[in-house]
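Report on the structure
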Amino acid sequence: LGLSRGVPQMEEQPSSSRTARLRKYSESLLEAVNRTQKFYERRQTFITVSATLASCLAAWWTYTARVAHQEKLEAHLRAIHEEMERTQLATKKAQEDKIEEVRDTYTTNFSLSYLLPGIGGTFLLGYAAGFRHGSKMAARATREMKTSMEEALHRK
């Protein structure tokens, strides 16, 4: 195999039509590559500028689409927020009405005859618990004082 112009040259075999077809194919391929290379070399500036413009247009379109999508999402979220506030206000109003109704029900039936026994019972319960605790603490203090006095007498 000899090399000329970077393309391998095959040795001729007169009886092989396959070799002839391969040679013809490689020559046409080399010619196509050379034509393509010359085309790009002649139009390099145009292709570079065109690619740059296409890239800029794609970036601008992507940015515009993203902004439009963001605005659409914000409008949707704003609508959801407004609906939630409306629902919350309606629910709050209903709860306030219910509380007012319950308050009115119990304030109209309010009487000291219900309040005084509760206050009195709580007072007596607290007094009894405090009295018991105080008595217990006084007994403990007396016992400790008596024990310490007895120990002091035994040491002497």
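Everything that follows concerns the structure shown earlier in this document.
Residues numbered from 1 in each chain as written. Predicted model: local features only at pLDDT ≥ 70, side-chain atom pairs only at ≥ 80, totals over all residues. Heavy atoms only, no water.

Our next topic: the overall build of the protein. When helices and strands are counted, the protein shows three helices and two strands. Beginning at the N terminus, the succession of helices and strands in the protein can be written as β-β-α-α-α. When each of the 156 residues of the protein is scored for burial, the buried share is 3%. Counting only carbon and sulfur atoms, one obtains 63% of the accessible surface of the protein, whose full area is about 14,800 Å². (Helix = DSSP H or I, 4+ residues; strand = E, 2+ residues; numbered from the N terminus. Buried < 20%, exposed > 50% of the residue type's maximum accessible area, 1.4 Å probe, protein only. Areas by Shrake-Rupley, 256 points an atom, 1.4 Å probe, with all protein chains shown as cover.)

Applying the stated criterion to the full structure yields three aromatic pairs. Arranged with centres 5.5 Å apart and planes meeting at 80 degrees, the rings of Phe 39 and Tyr 40 form a pair that is edge-to-face. With a relative accessible area of 37%, Phe 39 lands in the partly exposed category. Taken together, the ring pairs in this structure connect Phe 123, Tyr 127 and Phe 131 into an aromatic cluster. (Phe/Tyr/Trp six-rings, centres within 6.5 Å; stacked < 30°, edge-to-face > 60°.)

Turning our attention to the pattern of salt bridges. This model, assessed by the stated rule, comprises four salt bridges. Of the charged contacts in the structure, one is a salt bridge between Arg 35 and Glu 31, with a shortest N-O distance of 4.0 Å. Of this pair, Arg 35 and Glu 31 both sit in helix H1 (residues 17–42), separated by four residues, roughly a single helical turn. According to the relative accessible area criterion, Arg 35 is exposed, its value standing at 53%. A relative accessible area of 47% means that Glu 31 is categorised as partly exposed. The salt bridge partner of Arg 86 is Glu 83, with a shortest N-O separation of 2.6 Å. Placement of the pair is Arg 86 and Glu 83 together in helix H2 (residues 44–108), with a separation of three residues, close to one helical turn. (Salt bridge = Lys/Arg side-chain N within 4 Å of Asp/Glu carboxyl O.)

Time to look at a positive patch on the surface. Taken together, the side chains of Arg 132, Lys 136, Arg 140 and Arg 143 present a region of like positive charge at the surface. Given the relative accessible area of 47%, Lys 136 is considered partly exposed. (Patch = residues over 30% accessible without salt bridge, like charges linked within 9 Å, V, L, I, M, F, W, Y side chains within 5 Å. Lys, Arg positive; Asp, Glu negative; His and termini not counted. Charge placed at Lys NZ, Arg CZ, Asp CG, Glu CD.)

What follows covers a nonpolar patch on the surface. On the surface, Leu 112, Leu 115, Leu 116 and Ile 119 cluster together into a nonpolar patch covering about 370 Å² of accessible area. Its location among the elements puts Leu 115 in helix H3 (residues 112–155).

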